[in-house]
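# Commentary on secondary and tertiary structure
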2 protein chains.
Amino acid sequence: MKKLFVVGIGPGGGKGLTREAEAALDAAEVFCGYPVYIGLLRPMWPDTPALTTPMTRELERCHMALESASKGRTTAMVCSGDAGVYGMAGPVLELSPRYPEVEVEVLPGVTAALGGAALLGAPLMNDFAVVSLSDLLTPWETIEKRLRGAALADFSVCLYNPVSRRRAGHLRRACEILLESKSPETVCGWVKKIGREGQEHRLCTLKELSGEPVDMFTTVFVGNSSTRAVGGRMVTPRGYETK
Amino acid sequence: MKKLFVVGIGPGGGKGLTREAEAALDAAEVFCGYPVYIGLLRPMWPDTPALTTPMTRELERCHMALESASKGRTTAMVCSGDAGVYGMAGPVLELSPRYPEVEVEVLPGVTAALGGAALLGAPLMNDFAVVSLSDLLTPWETIEKRLRGAALADFSVCLYNPVSRRRAGHLRRACEILLESKSPETVCGWVKKIGREGQEHRLCTLKELSGEPVDMFTTVFVGNSSTRAVGGRMVTPRGYETK
C-alpha cells in the first residue's frame, strides 16, 4: 500500500499533536511541507528527511508529496493547525486522481480558531464563521460578502490572515464592514503565535480592533451580540445560563 | 494552586487526544463530565474517580467541577470534541468568578467539524460557518437567520445536532432554507459516530440531504458553490488550482 498522510500538527507543533498525528509522523519515511512547520517537528523527529517548497509553491509541494508516496515511501504532508482549514488537504485530494496508486489519509488537527479561542476563553461557544482576509486566492468582493453575511446573521467571527505586508488595510476595512451591523462595543480578542515562542493575546472592542498590533501571525476573534468579557476572558454564552 | 482543566478530548476519545490534553488528564485527580465521554477515557484512565451529571444538567456539572477544584483536587472537565465549541468551556468560565481561588485552563481539541471534514475529504478548505440545529438553547428564528446568512454569503456550512427525537423536522427545514440560495446539486456529506465504533460517512447532494439517514450522532457538511466530489471525497477548492 502506498500511503500519503496529510497531517494537521496543531497550532504550535509539539503539545498540540494528536495521538494519531504522532503515529503517522512516526510511520512516515519522508516529511513534506513548508519549512517553518517542518522545523516545529525537528525536536521530536530530527532525522526524517524532508521535502520542502517555499510559500506560494503549494501545488508543487502537493505533487512532490504524492510523487514521494507513489514511489512506495510512506509520506506525511505536514500542515500547521488543521490540514483541512486553509491547509493542504484540499489541493492534495484535487491532484490525487493523477496518482491512483496512492492512498491519501487526512488526519485532523487543532486549527488556530480552536487553539486561539481556548487561550482567550470561549468566544466560539455558539454558532461561528471562519473567514480568511487573504485575497491571494479569493476575490476581495467575496470576502466582503462573507463578512457582511456573517455580521448580519450575528455569528461570532474568527479571522485568519488578518494582515500581511501586501494587505495592511484589510483588517481596517473588515472592521468597517462588521461595524455596519455589529456594535462598536462588541467584545473582540486576538492571539499571536499560538503555541509558539512569543505567544500573546489580548481582549479589546470592535471599535478598537483595527488599531491593535495585529500581524500575519495573529488570529482575530469578533464576538456575537451576546459575547462578554468575564474575568478577563472572552466568553460567548451558550444559553444554559439563562435557561 | 487550585486547578480546573476544561479538556476537549477530540471526536472519539483515544486517538484524537492531544499531548497536552493527555497530560492534563494524567494530572487530574478527578474527572467531571457527561457519562458517555468519561466512558471513552476509561480504557486509558480506568481508576480516576469521576463526577457526572446527566444531559440537561450542564450547569450543575460546571459547579461540581469548580467546587471539586476549589477543594484543592486537580480536576478535569471532560468535553467531547473541542471544549469551546458547544462544550463546557463557556459555562465554566461564566461561573468561575464565584470560585476566584480556582485557575481555569481551557485545552482545545479536534471538534466534529474538523474530524468529520477529514473523513469526508476537505469540505472546509475555504471560509465556513458552523451552526447547531438544536433549539434547546437558541431560538429557532436565530438559527434560520444564520442558515440564511451563511447560504447567501456562499459559506461551506457544518451542521451540529441536525436531528433529535424532539426535532425530526429541523434538518428538512434547514435544507429548505439553504436551497433558497444554494443549488440543489451542491455537494454535501455526513459523518456518523466520528472516531467511534460504528463510524460511517457518505456524500450526497443538497436535494438528497434531508432524506439521508442522519441521526443525533451525525455531523452534516454542505459545500459552497465550488465544492466538488473528487474520487469519492468532498473537496472545497482553496483556489491554488486555478491560479
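Quick caveat, the model's predicted, so the values are computed rather than measured.

So, how was this worked out
- Residues numbered from 1 in each chain as written.
- Chains lettered and ligands numbered in written order.
- Predicted model: local features only at pLDDT ≥ 70, side-chain atom pairs only at ≥ 80, totals over all residues.
- Heavy atoms only, no water.
- Helix = DSSP H or I, 4+ residues; strand = E, 2+ residues; numbered from the N terminus.
- Rg over C-alpha atoms; globule rule 2.2 N^0.38 Å.
- Buried < 20%, exposed > 50% of the residue type's maximum accessible area, 1.4 Å probe, protein only.
- Contact = heavy atoms within 4.5 Å.
- Areas by Shrake-Rupley, 256 points an atom, 1.4 Å probe, with all protein chains shown as cover.
- Lys, Arg positive; Asp, Glu negative; His and termini not counted.
- Charge placed at Lys NZ, Arg CZ, Asp CG, Glu CD.
- Expected span 1.5 Å × (residues − 1).
- Core = buried A, V, L, I, M, F, W, Y, C linked by side-chain atoms within 4.5 Å.
- Axes fitted to C-alpha atoms, helices over the stretch in contact; angles between N-to-C directions.
- Parallel < 35°, antiparallel > 145°, perpendicular 65-115°, else oblique.
- Left-handed = near helix turned anticlockwise from the far one by under 90°.
- Polar contact = N/O pair within 3.5 Å; in protein donor to acceptor, adjacent residues only side chain to side chain.

## Considering the overall build of chain A
Of regular secondary structure, chain A possesses eight helices and 13 strands. Taking 243 residues into account, the globule formula puts the C-alpha radius of gyration at 18 Å, and chain A, at 19 Å, falls close to it. Its C-alpha atoms give chain A principal-axis dimensions of about 55 × 35 × 35 Å. Of all 243 residues assigned to chain A, the portion counted as buried reaches 62%. For chain A, contacts bridging at least 24 residues in sequence account for 69% of all contacts bridging at least 6. Here chain A displays about 9100 Å² of accessible surface, and carbon together with sulfur accounts for 51% of that area. Here chain A contributes 28 positive and 27 negative side-chain charges, whose respective centroids are spaced 2 Å apart.

## With respect to helix H6 (residues 140–152) of chain A
In a regular helix each residue adds 1.5 Å, so 13 residues correspond to 18 Å; H6(A) covers 18 Å between its end C-alpha atoms and thus fits that length. Of all the residues in H6(A), the buried ones are A:Trp140, A:Ile143, A:Glu144, A:Arg146, A:Leu147, A:Gly149, A:Ala150 and A:Ala151. Among the structural elements, strand S7 (128–132), strand S8 (156–160) and helix H7 (170–179) of chain A together with helix H6 (140–152) of chain B are those in contact with the buried residues of H6(A). Positive phi shows up at A:Asp154, right after H6(A), with a value of about 60 degrees.

## Examining the nonpolar core
In terms of nonpolar packing, the biggest core is built from 52 residues, with A:Leu133, A:Leu147, A:Phe155, B:Leu133, B:Leu147 and B:Phe155 touching the most fellow members. Aside from chain neighbours lying at most four places away, what touches A:Leu133 is A:Trp140, A:Ile143, A:Leu147, A:Leu159, A:Tyr160, A:Asn161, A:Pro162, A:Arg167, A:His170, A:Leu171 and A:Ala174.

## Points about the packing of H6(A) against H7(A)
All names here are of chain A. Viewed as axis vectors pointing N to C, H6 and H7 meet at an angle of 40 degrees, and their least axial separation amounts to 9 Å. Classed by the angle they form, the pair H6 and H7 counts as oblique. Taken as a pair, H6 and H7 cross one another with a handedness that is right-handed. Contacts between H6 and H7 involve Trp-140, Glu-144, Leu-147, Arg-148 and Ala-151 from the first element and His-170, Arg-173, Ala-174, Ile-177 and Leu-178 from the second.

## Description of the side chain of A:Glu212
Residue and element names in this part refer to chain A. Counting through the fold element by element, Glu-212 comes out in the loop between helix H8 (206–209) and strand S11 (218–222). The buried category is assigned to Glu-212, whose relative accessible area is 15%. Separated by 2.8 Å, the side chains of Glu-212 and Trp-190 make a polar contact. Excluding its chain neighbours within four sequence positions, the residues that come into contact with Glu-212 are Trp-190, Arg-202 and Cys-204.

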